[in-house]
Amino acid sequence: MALSMTSLVAVAIVALVVYKGVIYPAFISPLAKIPNAHWSVPVSPVWMLWRRFRMQNNRTIQAAHERLGPIVRLGPSEISVNCVDGGIKSVYTGGFEKHEWYPRVFGSLGTVSMFTMVGSKTHSIRKRMLSNIYSKSTLQTSPNLRLVSKAVILDRLLPILQEAADSQKPLDVHDLNQGLTMDFVSCYLFGLQNGTNHLQDHSFRKHWLHMYLCRKPFEFYHQEMPYLNGWMKCLGLRVIPKYCDVANDMLDAWALDLCGKAEQSVNSTDPSVEPIVYKQLKQSLDKQAAKEGVKPDRAEQLNDIACEMYDQLTAGFETSAVGLTYLLWQLSRHPDIQEQLREELSTLDPPIAFPRSSELPSAKSIDNLPLLEAIVTETLRLHAPIPGIQPRVTPEPSCSLVGYDNIPAGIRVNAQAYSLHRNPQVFPDPESWQPKRWLKEENDLEELEERRRWFWAFGSGGRMCVGSNLALQETKLVAAAIYSNFRTTIVNDDDIDAIDAYTVHPRGEKLILKFEKV
Ligand code: HEM
Ligand SMILES: *[C@@H]1O[C@H](CO)[C@@H](O)[C@H](O)[C@H]1NC(C)=O
Ligand SMILES: *[C@@H]1O[C@H](CO)[C@@H](O)[C@H](O)[C@H]1NC(C)=O
Ligand SMILES: CC(=O)N[C@H]1CO[C@H](CO)[C@@H](O)[C@@H]1O
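Residues numbered from 1 in each chain as written. Chains lettered and ligands numbered in written order. Predicted model: local features only at pLDDT ≥ 70, side-chain atom pairs only at ≥ 80, totals over all residues. Heavy atoms only, no water.

### Digging into the sheet that holds strand β3 (residues 97-98)
- Overall, mixed pairing links the 5 strands, which are arranged β1-β2-β8-β5-β3 in an open sheet. Whereas interior strands pair on both sides, the edge strands pair on one side only; in this sheet they are β1 (71-75) and β3.
- Relative to strand β2 (residues 78-81), β1 runs antiparallel, the two sharing 4 bridges. Bridging across to β2, isoleucine 71 finds its partner in valine 81.
- In the packing of helix α4 (residues 84-93) onto the sheet, the strands contacted are β2, β5 (392-393) and β8 (412-414), and the crossing angle to β8 comes to about 120 degrees. (Pairing = 2+ DSSP bridges. Helix = DSSP H or I, 4+ residues; strand = E, 2+ residues; numbered from the N terminus. Contact = heavy atoms within 4.5 Å. Axes fitted to C-alpha atoms, helices over the stretch in contact; angles between N-to-C directions.)

Following this line, the structure appears as structure tokens:
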């Protein structure tokens, strides 16, 4: 009797586990109707984890969408969407909150930034503080950014390129781009005088980039297995090597140091000194504290500001550098389009003529060049610097996506630019780089509008890239300055294909070009 009672309980437990772990998720849950990327995904995340561990996230999701359509299930509580209506429009424009993935992967200084904040309320307060200084009209007319542009382009970049042309020495432009974009963004954040000079300081740039990039191979553990490192540490083992901690400490100290210098100039209105973004955040946080009637804790505030600045520096430099590298690569492969661009650039007034120029044409006039615009857009489509997943969480109580109803709350849902940008119905022959698909004169206006809806290099909705206008203004200026003065050809583009990651870079981490004066 006692035995059968125990076995009855055992059977009940097994039945419950089978129901909860297999029957419900695989057959009864509303998620069960969504096509599975692999037969095991309703009951186990292991298949997708393994793919991610092998750095095959993008290709796995791309293959699943190609095979199964615009919505697929990737795990017991993870799905992916790949369409605009009912897809990214519902999730991102609809304001689903960010997944815990962000603070895990991109946290620094023990706190969160606008990018890593999960809750939409705290996030929108922070975003309201900063979006005005990143608006297109502010950036196009900013005297500060004008000085930064002149210094970076005329005093730093063009002399380096001229020297390469004169000596006929090939240049690694990917390395150069990573210095250039850091200088651009840091000098806007902290002021020209107290920003970085990575472009000219080659040895510090190299050291800094090494510190920054050495942590990348371990991103997987932060993203997908956040507890593993802690558990292993208890056992005296390390998943993430010590040199990553050393690099993190060095980068934190570097950000704090930049903020310390900016603080000294925070009351300056001299456009070469005024730390625009630093100042805006600091003053807004003070105002916020006054409104709430609290006295700001200076140490905590400095840490919050440093975290935000660090995040914007890294978000801003890496993506823009990768975009520029692919732009230079494509133009070097397409001498005909390079020539057409040069013709368009000859209409700029004043022209960007090195070494004669002492003034740059207005940001607005560069922004108005249609071919340049098409070249930049097409490059960001085919080589999105963030091609990877942007995870969000489904809201309470449930939602509908891509025609599937009752999707429960708390499900991780992603989309990825890599796949949105390769829909052959919207972008015919998606793997080929064709700036003309963005030109008004060459396309049906409805088709062009549809393409714009599917363009997702900067994301969409409330968490869309705050720096998109800065990135575009900077990218266009650099391209205009280079092709007004030089012709580029490829010397070595081995391993130019991008790694499969959230933020990408060429696998070979280089692009060697030859520069000739025109
Ligand atoms: C070509 C260059 C750039 C690309 C392709 C890019 C792309 C993106 C994307 C896709 C997102 C959304 C990420 C997500 O939700 O997972 C994002 C957010 C963000 N980006 Fe950019 N970005 C670029 C340049 C910049 C620059 C120059 C800055 C400098 C300030 C910047 C700062 C940020 C910040 C702060 C966020 C978070 C915004 C929020 O959560 O409200 N980005 N970016
Ligand atoms: C920061 O800018 C101020 C104002 O121009 C200048 O006096 C100071 O030397 C700069 N600091 C550094 C470390 O460059
Ligand atoms: C800037 O101005 C504020 C308010 O006037 C003042 O409290 C602060 O000490 C000043 N900071 C510096 C570095 O001069
Ligand atoms: C940027 C990136 O990760 N690209 C890879 C995505 O997946 C495809 C295959 O589907 C690869 O060819 C790309 O290299």
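Now that the structure has been shown, the text picks up again.
### Details of the site of ligand 1
- Residues in close proximity to ligand 1 total 27 residues, the closest being Tyr102, His123, Lys127, Cys465 and Tyr502.
- Side-chain polar atom of glutamine 390 to an oxygen atom of ligand 1: 3.3 Å apart, as the coordinates give it.
- Measuring from an oxygen atom of ligand 1, one finds a side-chain N or O atom of arginine 392 at 2.8 Å.
- Contributing elements (two or more residues each) for the shell around ligand 1: α6 (120-130) and α15 (298-333).
- Among the elements that line the shell around ligand 1, the one with the most residues is α15, at 5 residues. (Near = heavy atom within 4 Å. Polar contact = N/O pair within 3.5 Å; in protein donor to acceptor, adjacent residues only side chain to side chain.)

### Some remarks on empty space enclosed by the protein
- Scanning the entire structure with this criterion turns up 1 cavity of 30 Å³ or more.
- Considering only enclosed or pocket space, the largest cavity measures out at about 40 Å³ in volume.
- Mapped by element, the contributors of at least two residues to the lining of the largest cavity are α8 (143-167), α9 (173-190) and α21 (468-485).
- With 4 residues, α9 is the largest single contributor of residues to the lining of the largest cavity.
- Grouping the constituent residues of the lining of the largest cavity by class yields 9 nonpolar, 1 polar and no charged. (1 Å grid on protein atoms, 1.4 Å probe; cavity = no way out; pocket = protein on both sides within 12 Å on 5 of 7 lines; lining within 4 Å. Points joined across faces, edges and corners; volume = space filled by probe spheres on them. Nonpolar A, V, L, I, M, F, W, Y, C, P; charged D, E, K, R; others polar.)

### Re a nonpolar patch on the surface
- On the surface, Val14, Val18, Tyr19, Val22, Ile23, Tyr24, Phe27, Ile28 and Val43 cluster together into a nonpolar patch covering about 780 Å² of accessible area.
- Structurally, the position occupied by phenylalanine 27 is in helix α1 (residues 2-28).
- Note on phenylalanine 27: relative accessible area 64%, which makes it exposed. (Patch = residues over 30% accessible without salt bridge, like charges linked within 9 Å, V, L, I, M, F, W, Y side chains within 5 Å. Areas by Shrake-Rupley, 256 points an atom, 1.4 Å probe, with all protein chains shown as cover. Salt bridge = Lys/Arg side-chain N within 4 Å of Asp/Glu carboxyl O. Buried < 20%, exposed > 50% of the residue type's maximum accessible area, 1.4 Å probe, protein only.)

### Topic: the packing of helix α2 (residues 46-53) against helix α3 (residues 57-68)
- Running from N to C, α2 and α3 point in directions that differ by 130 degrees, and their axes come no closer than 7 Å. Considering the angle they form, α2 stands oblique to α3. Of α3, the residues touching α2 (which contributes Trp47, Met48, Arg51 and Arg52) are Asn57, Thr60 and Ile61.
- Broken down by class, the residue content of the contact of α2 with α3 amounts to 3 nonpolar, 2 polar and 2 charged. (Parallel < 35°, antiparallel > 145°, perpendicular 65-115°, else oblique.)

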